[in-house]
Amino acid sequence: MFNGFLGFFKKEFIQIFRDKKSLLILLGIPTIQILLFGFAITNEIRDVRIAILDYSKDNTTKEIISKIVSTNYFKLYKMLRNEKDIERAFQTGEIKEAIVFSQNFGQNLEKFGKANVQFINDGTDPNTATTIIGYTNSIIGQYQNEITRTRQIPLIITPEVKMRYNPELKGVFLSVPGLISIILMLISAMMTSISITKEKESGSMEVLLVSPIKPAVVIIAKVIPYAIISVTIATIVLTLGRFVFEVPIKGNLILLFAEITVYVIMSLSLGILISTVAKTQQVALFISLIGLMMPTVLLSGFIFPIENMPIWLQPFTYLIPARWFIVIIKNIMLKGSDFSTILNETLVLFLMILVTISISIKKYKIRL
Amino acid sequence: MKAIIAENLSKKYQEVQAIENVSIDVNFGEIFGLIGPDGAGKTTIIRILTTLILADSGNANVNTFDVVKDYQKIRKSVGYMPGKFSLYEDLTVEENVKLFASIFNSKFEENYNLIKTIYSQIEPFKNRLAGQLSGGMKQKLALSCALIHKPKILFLDEPTTGVDAVSRKEFWEMLIDLKNQGLAILVSTPYMDEASLCDRVGLIQHGKIMQIDTPTKIVQDFKHSIFGIESNKVYTILELLRTYQNTYSCYAFGDKIHYIDKRNKFDIMDIQNFLKGNKVENFIILDNVKPTIEDCFMDLMRHQ
């Protein structure tokens, strides 16, 4: 039996590497995608027009305003006189952000160590909005640090963020974690399902069935090369993310790759499941794209935040493996979390693997 | 001990009755030919016996194992060559053979002798991709792969379809050689002329076996006398003869016509006159044409 496994495993590799074009596409597409997405994320903030409504007009607000305006990031469009002007400035499309200082800003900061500033942003372009808020926040944060140093009690400026036109916007994400989960799902599931159905279509499955080799052995030998390719692709994406776009990997690398492997196995078993249903490569491709890719892109929270989805739709996102994997990988990469934080998500993935494999075994035909 | 026993196999695909009450048996050291046109049910029989599909009714044993219960034991002990070329076209000849050796848990080098006579013919091309082989060489490769694990029983589904005449002849020589080594071979073919190379044949049409016997016996049993008609107007003559009152049967046979009369004794001039009366001039009538399996097949079809 082991002979058969080894022979089949070797054969799979020969076939994959002999088909140079497909291999190039397999490795090339993720690279191109990460570069495209990467540059889309890092579109730099420069000369963003802002308006400022200063109810306080004291020295502190003046200092902050001059700090904000002196950077290359922002350009003062107008000092506003009242709240109505804010709406007008947004409507004419002249500004991307309005900063409102509350009354007695400087006094409050002096007396109570606390003061409020409000950012109002254009939510129609959520990604830009988030970035702008980040920049504004950090400038104010810097100022806060500077003035605190000279005092004993820390001074706190509390920014309040308001989104116009898309108020519920939360953590829209366009980044490496989401991309990895989609690419891996696509490659693992699609490639395995196509490769298994190819055997059916070409008739070689017929010969394999009339042989002592067990279908499970055939499938495992078939799936491992794709698992290796998938993990390689994940490595490429992570490396590009790390060194080209400086996406941090704060957590444990071994843990990260272990979780990637779990997710790859999940995707591969979905591919196997598809192949038990699909009779031709075209059908397999179709199911992979429509049945897996679309829901993964739409429901994983990668592009559309789950919190913004209609309530009735949200439970469906629990069925999407990528939804769980994105949480895992975001936690490891960006927050540096350890295994205990992502234990639940990992267990969900394992449960999914178990269910998918069980259905596949049940559906697998030992005859034609 | 019989190599294959099939009793009353029936199989229906949706509305189509693929085979009906098929019973055959094959001995070791015997080539059994399933002879019939496309769609007769040959592939269905072979697939049931190779455990690939289940019959609706009837039962079958291969190498004493039941095709339903002991399917795994059968899969270990038979060689199977499907009708469609089913090896890996993107692997080389050698890679294919070695892969199948490993799948059957045997070593290519150890079993090389088994397939030597066949494989040696394609060995010069061992580094060529299987997809780039000619039809005849593909079949030789497929046969090598089917034999690499020393099966006792060989199932071949239309192995010579789409293969040139020379390769066909060579292929049959190999089969006869294998038979002499004691293998049981069940082979299907649409070519009637290959029937005479089998030890026994089953003539099959519309899912039913019409006759099972040795090719010689089948031909001997043929009761009618056949007249051959040669002409450059085969089609016109066929049309005419079909309207002729004394015609028992007539059909194109190669570039000739085979004609059988209803009457036991008659004057050959009758036909000549009939044709000439219908303004056909250029033809030769041959007396006492030796019947072939195809003639028997055509006759059996009339009775079905």
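Residues numbered from 1 in each chain as written. Chains lettered and ligands numbered in written order. Predicted model: local features only at pLDDT ≥ 70, side-chain atom pairs only at ≥ 80, totals over all residues. Heavy atoms only, no water.

**Q** What exactly am I supposed to notice about the overall build of chain B here?
**A** Secondary structure summary: chain B contains ten helices and 14 strands in total. Across its three principal directions, the C-alpha atoms of chain B cover 70 × 45 × 35 Å. Carbon and sulfur atoms make up 48% of the accessible area of chain B, which amounts to about 14,000 Å² in all. Looking at chain B, you have 36 positive and 38 negative side-chain charges, and the mean spots of the two groups are 2 Å apart. (Helix = DSSP H or I, 4+ residues; strand = E, 2+ residues; numbered from the N terminus. Areas by Shrake-Rupley, 256 points an atom, 1.4 Å probe, with all protein chains shown as cover. Lys, Arg positive; Asp, Glu negative; His and termini not counted. Charge placed at Lys NZ, Arg CZ, Asp CG, Glu CD.)

**Q** Sorry if this is basic, but what is going on with the pairing of strand β4 (residues 57–62) of chain B here?
**A** Regular strands have side chains that alternate between both faces of the sheet. Residue and element names in this part refer to chain B. Summarising the sheet, strand β1 (residues 2–13) and β4 pair through five bridges and their orientation is antiparallel. Within β4, the residue paired with Ala 6 across the bridge is Ala 60. As judged from the two bridges shared by β4 and strand β5 (residues 65–66), these two strands associate in the antiparallel manner. Bridge assignment links Asn 61 to a residue of β5, and that residue is Asp 66. Joining the antiparallel neighbours β4 and β5 is a turn of two residues, in which Asn 63 adopts a positive phi near 55 degrees. (Pairing = 2+ DSSP bridges.)

**Q** Looking at this structure, I do not really get helix α7 (residues 176–202) of chain A. What am I missing?
**A** Note on helix geometry: an α-helix contains 3.6 residues per turn, so any two residues three or four positions apart are oriented the same way. With 27 residues, α7 of chain A extends 38 Å between its outermost C-alpha atoms, agreeing within 8% with the 39 Å of an ideal straight helix rising 1.5 Å per residue. Among the residues trailing α7 of chain A, Gly 203 of chain A stands out with phi positive, at a value near 95 degrees. (Expected span 1.5 Å × (residues − 1).)

**Q** Explain the sheet that holds strand β2 (residues 16–27) of chain B to me, please; I cannot follow it from the model alone.
**A** Strand pairing in a sheet takes place through backbone hydrogen bonds and is either antiparallel or parallel in direction. The four strands lie next to each other as β2-β1-β4-β5 (chain B), forming an open sheet whose pairing is antiparallel. Lying at the two open borders of the sheet, with one neighbouring strand each, are β2 and β5 of chain B.

**Q** Can you help me understand the pattern of salt bridges in this one?
**A** Note that side chains of opposite charge can pair when their charged atoms are close. Taken as a whole, this structure holds 26 salt bridges over all chains when the rule is applied. Notably, a salt bridge pairs Glu 146 of chain A with Lys 67 of chain A, separated by 3.5 Å at the nearest N-O pair. Linking Glu 146 of chain A in helix α6 (residues 126–149) with Lys 67 of chain A in helix α3 (residues 59–70), this pair joins segments that are 79 residues apart in sequence. Taking the shortest distance from any N to any O, the salt bridge between Lys 2 of chain B and Asp 25 of chain B comes out at 2.7 Å. Placement of Lys 2 of chain B in strand β1 and of Asp 25 of chain B in strand β2 is noted, with a sequence separation of 23 residues between them. On the basis of relative accessible area, Lys 2 of chain B is assigned to the partly exposed category, the value being 33%. (Salt bridge = Lys/Arg side-chain N within 4 Å of Asp/Glu carboxyl O. Buried < 20%, exposed > 50% of the residue type's maximum accessible area, 1.4 Å probe, protein only.)

**Q** Help me understand the interface of chain A and chain B in this model?
**A** How large an interface is tends to be reported as the accessible area lost when its parts come together. In this complex, chain A contributes 27 residues to the contact, which on the side of chain B involves 30 residues. Note on chain A versus chain B: buried area summed over both sides is about 2,600 Å², and carbon and sulfur give 58% of it. Summed over the shared surface of chain A and chain B, the result is two salt bridges. Between Arg 47 of chain B and Glu 206 of chain A there is a salt bridge; the shortest N-O distance is 3.2 Å. Taken together, chain A and chain B are joined by 14 residue pairs in polar contact (both at pLDDT 80 or more). For the side of chain A that touches chain B, a count of residues per class yields eleven nonpolar, eight polar and eight charged. (Contact = heavy atoms within 4.5 Å. Buried area = accessible area lost by both parts, 1.4 Å probe. Polar contact = N/O pair within 3.5 Å; in protein donor to acceptor, adjacent residues only side chain to side chain. Nonpolar A, V, L, I, M, F, W, Y, C, P; charged D, E, K, R; others polar.)

**Q** Sorry if this is basic, but what is going on with a nonpolar patch on the surface here?
**A** Taken together, the side chains of Leu 285, Phe 286, Leu 289, Ile 290, Met 294, Leu 298, Ile 303 and Phe 304 of chain A define a hydrophobic patch exposed on the protein surface, amounting to about 690 Å² of accessible area. Structurally, Leu 285 of chain A is set in helix α11 (residues 281–299). (Patch = residues over 30% accessible without salt bridge, like charges linked within 9 Å, V, L, I, M, F, W, Y side chains within 5 Å.)

**Q** What should I look at first to understand the domain arrangement of chain B in this one?
**A** Residue and element names in this part refer to chain B. Here the domain parsing of chain B yields domain 1 (2–220) and domain 2 (226–303). Look at where the C-alpha atoms of domain 1 and domain 2 centre, and you get two points 36 Å apart. On the domain 2 side, the residues contacting the 13 residues of domain 1 number eight residues. Between domain 1 and domain 2, a total of about 900 Å² is buried, with carbon and sulfur atoms accounting for 87% of that surface. (Domains from an automatic or database assignment.)

**Q** Would you mind going over the environment of Leu 349 of chain A with me for this structure?
**A** Residues and elements named next belong to chain A. Positionally, Leu 349 belongs in helix α14 (residues 343–363). You can call Leu 349 buried: its relative accessible area is 0%. Expressed as a C-alpha distance, the spacing of Leu 349 and Ser 267, which sit 82 residues apart in the sequence, is 10.0 Å.

**Q** What is the right way to read the environment of Ser 10 of chain B from this model?
**A** Residue and element names in this part refer to chain B. Position of Ser 10 among the secondary structure elements: in strand β1. Once the C-alpha coordinates of Ser 10 and Cys 145 are considered, the two residues, 135 residues apart in sequence, prove to be 30 Å apart. Ser 10 has contacts with Gln 17, Ile 19, Glu 20, Asn 21, Ala 55, Asp 56 and Ser 57, leaving out every residue within four places of it along the chain.

**Q** Sorry if this is basic, but what is going on with the packing of aromatic side chains here?
**A** For any two aromatic rings, the description comes down to two numbers: the centre-to-centre distance and the angle of the planes. Residue and element names in this part refer to chain A. Counting across every chain of the model gives 13 aromatic pairs over all chains. A ring pair is formed by Phe 101 and Phe 105, whose centres lie 5.2 Å apart and whose planes are at 85 degrees; its orientation type is edge-to-face. Here the two residues Phe 101 and Phe 105 agree in accessibility, since each one is buried. Seen from the ring of Phe 243, Arg 242 lies directly overhead, with NZ or CZ sitting 5.5 Å from the centre. Sitting over the ring of Trp 324, Arg 323 keeps its end group 5.0 Å from the ring centre. (Phe/Tyr/Trp six-rings, centres within 6.5 Å; stacked < 30°, edge-to-face > 60°. Lys NZ or Arg CZ within 6 Å of the ring centre and 35° of its normal.)

**Q** Quick question: what am I supposed to make of unusual backbone geometry here?
**A** Leaving glycine aside, a negative phi is the common case for residues, and trans is the common case for peptide bonds. All names here are of chain B. Not every positive phi belongs to a glycine, and Asn 21 is a case in point at roughly 45 degrees. Along the chain, Asn 21 falls in strand β2. In this model, Asn 288 sits at a positive phi of 50 degrees, which is unusual for a non-glycine residue. Within the fold, Asn 288 resides in strand β14 (residues 283–289). Residue class for Asn 288 comes out exposed when judged on its relative accessible area of 63%.

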